[in-house]
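Chain and residue survey
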Amino acid sequence: MNEQALFTAAASSDDAVVGRQGIGFIDGSIPGYVLLMGDASPETVNLIEDLTRRNILVFVISDDIRNQLTESGASLSWDSKVVHLNPQDALGFIVRVAQKYGSTSSNDETLNYARERLRGFTILLGEPNPEHLTWAETALALSCPLLSNAELPSSVDDWQIAGEYRPAIGGIHLPEIIQLGIEERGLQIHVPLPELPVAYSPDFAGQAVRDEICGACLSGVELVVIGEDIKDGQVSVVGVDLDAAADSDQSYAMLIEVSGRAMQPDFESVLERQIETILNDTDGIVHRGQRAIVTTRVHQKAIEKGLRFHHLGEILHARLHNEFGNILNRVQVTITTDPDQIRTIQERAQSIYQGRDERLNSMSDEDVDTFYTCNLCQTIAAGHLCVISPDHPGVCGAVDWMDARAAVSIRPVGPNKAVKKEDLLDAKLGQWQSVNQIVAQESVGAIEAYSLYSLMQDPGSACGDFECITAMLPLSNGVMVIDHTYDGMTPSGMDWPMLYEMVGAGMPVPGFLGHSKRALQRDKFIAAEGGWRRIVWMNHALREELRSVLNALATQAGISGFVDMIATEKNALSEDEILSLLEKVGHPALMMEAMF
């Protein structure tokens, strides 16, 4: 059978059937098709059920398999997505669908459309014969690789296939053959949400779970990585479950391993940031934070209704498949409350986070012509928007310029948008007309101007997912910086919860800024006000954590001993006490112009 025979078969296809059934390939309800041939076996019926459960259209080519299905009472019809056709008519149907919906004007365009949009593969059960191999080789014209549980003859080594696929793979363990075909051809399989004991809808994003109704108060680390030898859909729960964690603070770790032909390390953090959005659609769950500062609060009533960790893993498996099926084919989730496993995942995560953060060390805003927006958190902070550049990471710290660029490449229409850096308004503030325009648009007018480098004039807004807060200290002519772990009072007269309530509402507050620890490592952090030189007070733990980073910035600027000039709660808790210390050490903030 040659390519011309396929077009001859296409011409004789029933256009009414092509119209009714072909539309499924276009709207995505049918992700692909399989040419099933070979010998009937006890596994055949289960294999077909696995294919149709994924909405894959099955063309039964062999009479032997057709007879087995008929005897078993199985339905062979277009409605059941199991159709008995000879190989020429099956492939002709696919070609005719390409002609009808691809609006192609030549045979080459038709074949290219069929290869790229109507994705299929061939499954051969049992030992191949010359007729099987002839059919399978013909299907290569539509980029259908041959997959078989039998060893294939050496003659297939000379086969050629359009696209970056292996033309033939033999000796496959039968339970793995469907998943391998899906991955080889990049089929985007829709995975239904699991049956849940609670409601699930975007309407629940933004709900609150107060202390008195919190059944499980979780805190921990979440990590998405490319995995090897993972089992799609496997959800493992290690340690106590939600019901056992009730009425207590519980540490946990979540490891999501993914794989796919198009999956890249740069996409890991993009998927990681989706965990919050996905879980917050669950009635009774409030997820905040990212990386190693995650908090998840679960309503007592949700636990009483039967909500458990495995439900969260199943939700993540389905949503990641359905929204990112263009890059991944397997999703495996592990949720653990076991202290040893938590520690292992934390150590692995910190190493990976550090590697991600170091990618931008040699880049600055001057090196790029495009910035990115992120409105992912508008479900919890209406009007909030981040503008992300090499020198200005997202306030959550989990999305930097490279992450946003990767997100746009995965989903051009999504929470991240590219914005050209055009029409500079103020270099000191870091304001561009193009940025202000998209900010006004994306915030629905809530924010009209956005300064990337200023604390005082048009600072960016913050959602609830930030690690640090910077606030002005007028008497000291400087700023203080605290992180979420500090539970004492600050020289501003406010503690973290009070500052958080002010800053985390999603609207800009001049003089106050929610941000990540990463932001403090950039030379342009509040550069309009003098940058890191303005830092006169930090909580002690944060100061020591960032000592090497701040010392490196100060050394480069010719200032020695800068970190020790910064007061902490150990030696100052009022602005008067800070000012006295600053005068003793000659802090550079005292020599700078007034902040306002």
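Some words on the sheet that holds strand β8 (residues 235-238)
Strand order in the open sheet made by the six strands is β8-β12-β9-β7-β11-β10, with mixed pairing throughout. Edge positions in the sheet fall to β8 and β10 (285-288), since each of these pairs with one other strand and no more. Looking at each pair of strands side by side, their axes are set apart by 20 degrees on average, direction ignored. As paired elements, β8 and strand β12 (residues 330-336) share four bridges and run parallel to each other. When the bridges of β12 are listed, Val237 appears paired with Ile335. Relative to the sheet, helix α12 (residues 339-357) contacts β7 (214-226), β8, β9 (249-259) and β12, its axis offset from that of β7 by approximately 50 degrees.

Points about helix α15 (residues 496-503)
Within α15 the residues assigned to the buried category are Trp496, Leu499 and Val503. The buried side chains of α15 occupy one side of the element, clustering within an arc of 70 degrees when seen end-on. Opposite the buried face of α15, by more than 90 degrees, sit the exposed residues Pro497 and Glu501. Considering only its buried residues, α15 is in contact with β18 (468-473), β19 (478-483) and β20 (512-515). For α15, the N-terminal cap is Asp495; the gap from its side-chain oxygen to the backbone nitrogen of Met498 is 3.1 Å.

Quick word on empty space enclosed by the protein
One pass over the structure, following the stated rule, counts eight cavities of 30 Å³ or more. His392, Leu452, Leu513, His515 and Phe525 are, among the 21 residues lining the largest cavity, the residues nearest its centre. Class assignment for the residues of the lining of the largest cavity results in 10 nonpolar, nine polar and two charged.

Brief notes about the packing of helix α1 (residues 3-11) against helix α5 (residues 87-102)
Where α1 contacts α5, the axes come no closer than 7 Å and their chain directions differ by 75 degrees. Classified by the interaxial angle, the pair formed by α1 and α5 is roughly perpendicular. In this structure, α1 uses Ala5, Leu6, Phe7, Ala9 and Ala10 to contact α5, whose residues at the interface are Gln88, Asp89, Leu91, Gly92, Val95, Arg96 and Gln99.

Looking at the confidence of the model for the protein
Looking at the protein as a whole, the pLDDT averages 92, with 99% of positions reaching at least 70. Across the protein, element-level confidence peaks in strand β21 (residues 535-538) with a mean pLDDT of 98 and bottoms out in α1 with 81.

Describing the packing of aromatic side chains
For the structure on display, the rule yields 14 aromatic pairs. With a centroid separation of 5.9 Å and an interplanar angle of 65 degrees, the aromatic rings of Phe59 and Phe93 are classed as edge-to-face. Taken together, the residues Phe59 in strand β2 (residues 57-60) and Phe93 in helix α5 connect sequence positions 34 residues apart. Geometrically, the ring pair formed by Tyr486 and Trp537 is edge-to-face, given 5.9 Å between the ring centres and 65 degrees between the ring planes. With Tyr486 in the loop between β19 and α15 and Trp537 in strand β21, this residue pair connects regions lying 51 residues apart in the sequence. We classify Trp537 as buried; its relative accessible area is 0%. The rings of Phe25, Tyr33, Phe59, Trp78 and Phe93 are connected pair by pair, giving a single aromatic cluster. In this structure, Arg185 packs its charged tip against the face of Tyr165, placed 4.6 Å from the ring centre. Lying over the aromatic face of Tyr453, Lys524 brings its terminal NZ or CZ to 6.0 Å of the ring centre.

Observations regarding unusual backbone geometry
Positive phi is not limited to glycine here, since Lys81 has a value of about 65 degrees. Note on placement: Lys81 falls in the loop between α4 (63-71) and β3 (82-84). Overall, the relative accessible area of 22% leaves Lys81 in the partly exposed class. Unusually for a residue other than glycine, Ser143 sits at a positive phi of about 60 degrees. The topology assignment puts Ser143 in the loop between α7 (130-139) and β5 (146-148).

Basis of the calculations
- Residues numbered from 1 in each chain as written.
- Predicted model: local features only at pLDDT ≥ 70, side-chain atom pairs only at ≥ 80, totals over all residues.
- Heavy atoms only, no water.
- Pairing = 2+ DSSP bridges.
- Helix = DSSP H or I, 4+ residues; strand = E, 2+ residues; numbered from the N terminus.
- Axes fitted to C-alpha atoms, helices over the stretch in contact; angles between N-to-C directions.
- Contact = heavy atoms within 4.5 Å.
- Buried < 20%, exposed > 50% of the residue type's maximum accessible area, 1.4 Å probe, protein only.
- Arc of directions from axis to C-beta.
- Polar contact = N/O pair within 3.5 Å; in protein donor to acceptor, adjacent residues only side chain to side chain.
- 1 Å grid on protein atoms, 1.4 Å probe; cavity = no way out; pocket = protein on both sides within 12 Å on 5 of 7 lines; lining within 4 Å.
- Points joined across faces, edges and corners; volume = space filled by probe spheres on them.
- Nonpolar A, V, L, I, M, F, W, Y, C, P; charged D, E, K, R; others polar.
- Parallel < 35°, antiparallel > 145°, perpendicular 65-115°, else oblique.
- pLDDT = per-residue confidence, 0-100.
- Phe/Tyr/Trp six-rings, centres within 6.5 Å; stacked < 30°, edge-to-face > 60°.
- Lys NZ or Arg CZ within 6 Å of the ring centre and 35° of its normal.

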